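Observations on the three-dimensional arrangement
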Amino acid sequence: MSELRFDGKVAIVTGAGHGLGRSHALELGRRGAKVVVNDLGGALDGSGASTTPAAEVTELIAKEGGEAIADAHDVATPEGAQALVDAAIERFGRVDIVVNNAGILRDKSFGKMSVEEFDAVLAVHVRGSYLVSRAAWPHMKEQGYGRVLMTSSPAGLFGNFGQANYSTAKMGLVGLAKTLGIEGAKNGIKANAIAPIAWTRMTESLLPAEFESKFTPERVTALVTYLVHESCETSGEVFSVGGGRVARVFVAEGPGFRQDDLTPEAVRDNWDAILAETPYLTPTTLGQQAGASMKAML
Ligand code: NAD
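Residues numbered from 1 in each chain as written. Predicted model: local features only at pLDDT ≥ 70, side-chain atom pairs only at ≥ 80, totals over all residues. Heavy atoms only, no water.

Under the annotation held in an unreviewed UniProt entry, the protein chain carries the name SDR family oxidoreductase and is attributed to Bailinhaonella thermotolerans. According to its UniProt record, the protein chain has this under Sequence similarities (unreviewed entry): "Belongs to the short-chain dehydrogenases/reductases (SDR) family." (UniProt positions renumbered as here; feature names shortened; annotations may be inferred.)

**Thoughts on the overall build of the protein chain**
Along the backbone of the protein chain there are 10 helices and eight strands. By the compact-globule yardstick of 19 Å for 298 residues, the protein chain fits well, its C-alpha radius of gyration being 20 Å. Each principal axis of the C-alpha distribution contributes one length, and for the protein chain these read about 70 × 45 × 40 Å. Burial analysis of the protein chain (298 residues in total) assigns 44% to the buried set. (Helix = DSSP H or I, 4+ residues; strand = E, 2+ residues; numbered from the N terminus. Rg over C-alpha atoms; globule rule 2.2 N^0.38 Å. Buried < 20%, exposed > 50% of the residue type's maximum accessible area, 1.4 Å probe, protein only.)

**Re the packing of aromatic side chains**
Applying the stated criterion across every chain yields a total of two aromatic pairs. With centroids separated by 4.4 Å and ring planes inclined at 15 degrees, the aromatic side chains of Phe211 and Phe215 adopt a geometry described as stacked. What makes Phe211 partly exposed here is its relative accessible area of 23%. Ring centres 5.5 Å apart and planes at 35 degrees place the aromatic pair Phe250 and Tyr280 in the tilted group. Of this pair, Phe250 sits in the loop between strand 8 (245-249) and helix 8 (264-269) while Tyr280 sits in the loop between helix 9 (271-275) and helix 10 (286-297), and the two are 30 residues apart along the sequence. For Tyr280, a relative accessible area of 43% corresponds to the partly exposed category. (Phe/Tyr/Trp six-rings, centres within 6.5 Å; stacked < 30°, edge-to-face > 60°.)

**Section: the pairing of strand 6 (residues 189-196)**
Burial runs high along strand 6: eight of the eight residues are buried. Alternating positions in strand 6 separate into two faces, Ile189, Ala191, Ala193 and Ala195 on one and Lys190, Asn192, Ile194 and Pro196 on the other, with burial throughout. As judged from the six bridges shared by strand 5 (residues 146-151) and strand 6, these two strands associate in the parallel manner. Each residue of the ladder has a partner; that of Met150, found in strand 6, is Ala193. Here strand 6 runs beside strand 7 (residues 238-242); their pairing, made up of four bridges, is parallel. From the neighbouring strand, Ala195 faces strand 7, where its bridge partner is Ser240. Note that the unit made of strand 6, helix 7 (residues 218-227) and strand 7 has a crossover that is left-handed. (Pairing = 2+ DSSP bridges. Right-handed = clockwise from strand over helix to strand, strands pointing away.)

**Structural notes on a nonpolar patch on the surface**
A contiguous nonpolar surface patch, about 290 Å² in accessible area, is contributed by Trp271, Ile274 and Leu275. Relative to the elements of secondary structure, Leu275 occurs in helix 9. (Patch = residues over 30% accessible without salt bridge, like charges linked within 9 Å, V, L, I, M, F, W, Y side chains within 5 Å. Areas by Shrake-Rupley, 256 points an atom, 1.4 Å probe, with all protein chains shown as cover. Salt bridge = Lys/Arg side-chain N within 4 Å of Asp/Glu carboxyl O.)

**Describing the confidence of the model for the protein chain**
Per-residue confidence for the protein chain averages 97 on the pLDDT scale, and 99% of its residues sit at or above 70. Scored by ipTM, the complex comes to 0.99, with pTM at 0.97. (pLDDT = per-residue confidence, 0-100.)

Shown next, in the form of structure tokens:
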């Protein structure tokens, strides 16, 4: 089987100073991509900044014979995201891959979460992913090629106590990946999302100690590497990944219940049919979903 190579490709990995992003950047560098290693270098809650993490990963890539530049811009600001993409263009002449991975946590139960804590988390995950993808988009469109990856989370897909801000952001990224997948199709741009689990500074205090050797970032990077490769034709999908297991996560709609003169009582009396999961549909566009509803009327 041939190795997946990235020679001639330029990849931006955000939040690549630690954890998952570091692993993605190192692997893409090993496989021949020119990498822009972005990291603001702050703490887990987003406070502070340092150029050291991005510089260290950049040095490591160079030591392994790869090519990389460090970037310490804040992806949550339009200026920072633009400067990051400009740095890739200035140094390497193009941008083929954007791995949106930067993230922070401000966990609190919903009743105790401040507006500032809510906004700060959405700013890095949603705005950051939007802003970097937006800055890279015209370059990808012009060259008729691009790969965009969003880092979602099981917390967003399924909910998690204490993470109202984070789960809102992470489900938002699923919508962004799906729409970019649709809008990018005519220009050769694919967009997907992952919902990972890995032992990093973000999870080390939450996961059991035995997870460290099994839920390695590298086991997430294997999927990311394939999803951003030119041979991957998939777009608009979400995958859960961790500990060596990969699975498609899909948004499905059950068979449903329909009645012309639908009343609240009919809803109540047919609740089991409304909750039924099979046979389900997995629409890949709003049009497909609406089409299914219309078909049911005929
Ligand atoms: P991490 O804290 O090790 O890495 C996140 C990196 O993002 C840090 O290096 C941080 O400096 C950087 N960063 C934060 N804000 C930034 C900003 N504004 N601009 C640029 N860089 C910024 O955590 P991780 O576990 O490697 O997380 C990576 C991504 O994976 C995050 O989006 C996280 O939400 C997601 N995720 C992780 C897990 C897991 O199990 N580790 C699970 C689900 C989702």
